Amino acid sequence: MTVLLRTRVTEIGPEVADLAEGGVLILFADGSPPELAEVSVLHKTEEGPSADAPQVGASIAIGPVSATITAIGPTAWAKVREIGHVVITFNGAGSAERPGEICASVVETDQLVAALKPDATITIAA
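Residues numbered from 1 in each chain as written. Predicted model: local features only at pLDDT ≥ 70, side-chain atom pairs only at ≥ 80, totals over all residues. Heavy atoms only, no water.

**Digging into the nonpolar core**
By size, the foremost hydrophobic cluster in this structure holds 29 residues, and its most contacted members are Ile 62, Ile 88 and Phe 90. Other than its neighbours up to four places away in sequence, Ile 62 contacts Leu 25, Phe 90, Leu 112, Ala 115, Leu 116, Thr 121 and Ile 122. Of all hydrophobic cores here, the second largest spans 5 residues; its members include Ile 26, Ala 37, Leu 42 and Val 87. (Core = buried A, V, L, I, M, F, W, Y, C linked by side-chain atoms within 4.5 Å. Buried < 20%, exposed > 50% of the residue type's maximum accessible area, 1.4 Å probe, protein only. Contact = heavy atoms within 4.5 Å.)

Right, here's the structure in full:
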């Protein structure tokens, strides 16, 4: 398994749980503007991001919750590399609706919400 990105959650915005219940997770690197921090999981990168974007079939783990990437928008990984930002939608879609989006397999949203806490690890691996 090759780790493409490993990052640690530093802060959870007050609106994150509502979004996660709908299967949407917004990541932003520490230091994001306050209005974005409200809806974001703030994080600090520990490994990566890799030069190459993950491919369909790569795994995403948020603490104990795991999913498989089903689609990746054309600019999603560039945003991860540049500003630590990505929208992950756990909808199982075969194509991303937005260019900066990563789609992943459906997860139990209550488990996703429970996994989102400071110091949790988020890993994308191939």
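Now that the structure is up, let's keep going.
**Some thoughts on a negative patch on the surface**
Together, Glu 15, Asp 18, Glu 21, Glu 35, Glu 38, Glu 108 and Asp 110 line one region of the surface with negative charge. In this fold, Glu 108 is placed in the loop between strand E7 (101-104) and helix H4 (109-115). (Patch = residues over 30% accessible without salt bridge, like charges linked within 9 Å, V, L, I, M, F, W, Y side chains within 5 Å. Areas by Shrake-Rupley, 256 points an atom, 1.4 Å probe, with all protein chains shown as cover. Salt bridge = Lys/Arg side-chain N within 4 Å of Asp/Glu carboxyl O. Lys, Arg positive; Asp, Glu negative; His and termini not counted. Charge placed at Lys NZ, Arg CZ, Asp CG, Glu CD. Helix = DSSP H or I, 4+ residues; strand = E, 2+ residues; numbered from the N terminus.)

**A look at the side chain of Glu 101**
Turning to its location among the elements, Glu 101 is positioned in strand E7. At 2.9 Å, the side chain of Glu 101 and the backbone nitrogen of Glu 97 are in polar contact. For Glu 101, the contacting residues outside a window of four places in its chain are Ala 71, Ile 72, Gly 73, Ala 76, Val 87, Thr 89 and Ala 96. (Polar contact = N/O pair within 3.5 Å; in protein donor to acceptor, adjacent residues only side chain to side chain.)

**A closer look at the sheet that holds strand E4 (residues 59-62)**
Reading around the circumference, E1-E3-E2-E6-E7-E5-E4-E8 is the order of the 8 strands in this closed barrel, with mixed pairing throughout. Averaged over all adjacent pairs, the angle separating strand axes in this sheet is 35°, with direction ignored. (Pairing = 2+ DSSP bridges. Axes fitted to C-alpha atoms, helices over the stretch in contact; angles between N-to-C directions.)

**Brief notes about the pattern of salt bridges**
The tally for this structure, following the rule as stated, stands at 4 salt bridges. In this structure, Glu 46 engages Arg 8 in a salt bridge whose closest nitrogen and oxygen atoms are separated by 2.6 Å. Placement of Glu 46 in strand E3 (residues 41-47) and of Arg 8 in strand E1 (residues 3-12) is noted, with a sequence separation of 38 residues between them. Its relative accessible area of 43% is what places Glu 46 among the partly exposed residues.

Coordinates in, geometry out; function isn't part of it.
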